[in-house]
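Coordinate inspection notes
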Amino acid sequence: LNFGIAVEKAKKAGIPCRMLMVKDDVAIENALQPRGIAGTVFVNKVAGAAAERGYSLDKVYEIASAAAENVFSVGMSMTVCAIPGSAPGDRLHGDLVEYGLGIHGEPGVERTPLSSSKQTCKRLVEYLTNAVDGKIGRPYAVLINNLGSLPPLEMSIVVADCCSAL
């Protein structure tokens, strides 16, 4: 909603702009409106690189759209975020993790007991490979978004386990 309002205001002010919805969340199969989560980082980087090269707005939009069609993400968390001004969520008790949750604390699609990094990464890769299933080939990039919750040593383990699961 806010992005749409910003586009309309910019257009009224005579600023050329386009809005692209990134719908990279693959956790909810056949979602009518997939969410944009971490994949927006890739799309923003691609669009920025195209703009920096001096491409027209329409060309930047075309390139960013192609990137958006080829980015796939799944979220996983051991805690639920606290939206400013509201109490922290309490969906995850004890040693549960949630797959497929949204960036604003929207419920995910699966809760399981916490397991090893290797098993968790294997499950995340299963979500991604089920969704991609031949849509893209190699090479590809992988973004592991920590949001600062894991120390670097533990994050190194997660990265290694995700790479092994691929």
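Please refer to the structure higher up on the page.
One structure accompanies this document, and this report is about it. Worth saying up front: this structure is predicted, and the values here are computed from it rather than measured. (Residues numbered from 1 in each chain as written. Predicted model: local features only at pLDDT ≥ 70, side-chain atom pairs only at ≥ 80, totals over all residues. Heavy atoms only, no water.)

Turning to the packing of helix H2 (residues 39–52) against helix H3 (residues 57–69), a few remarks are in order. H3 packs onto H2 with a crossing angle of 155° between their chain directions and a minimal axis gap of 9 Å. Classified by the angle between their axes, H2 and H3 sit roughly antiparallel to one another. Like other packed secondary-structure pairs, H2 and H3 cross with a definite hand, here right-handed. Where H2 abuts H3, its residues Val43, Val46, Ala47, Ala50 and Ala51 lie against Val60, Ile63, Ala64, Ala67 and Ala68. Classifying every residue of the contact of H2 with H3 gives ten nonpolar, no polar and no charged. (Axes fitted to C-alpha atoms, helices over the stretch in contact; angles between N-to-C directions. Helix = DSSP H or I, 4+ residues; strand = E, 2+ residues; numbered from the N terminus. Parallel < 35°, antiparallel > 145°, perpendicular 65-115°, else oblique. Left-handed = near helix turned anticlockwise from the far one by under 90°. Contact = heavy atoms within 4.5 Å. Nonpolar A, V, L, I, M, F, W, Y, C, P; charged D, E, K, R; others polar.)

Turning to the environment of Leu166, a few remarks are in order. Along the chain, Leu166 turns up in the segment after helix H5 (152–165). Considered as a pair, Leu166 and Leu128 are 38 residues apart in the sequence and their alpha carbons are 9.7 Å apart.

In the sheet, strand E1 (residues 76–77) pairs with strand E2 (residues 96–99) via two bridges, with the strands oriented antiparallel. Across the sheet, the residue bridging to Met76 is Tyr99, located in E2. With four bridges joining them, E2 and strand E3 (residues 110–113) adopt antiparallel strand pairing. Bridge pairing links Glu98 to Arg111 in E3. (Pairing = 2+ DSSP bridges.)

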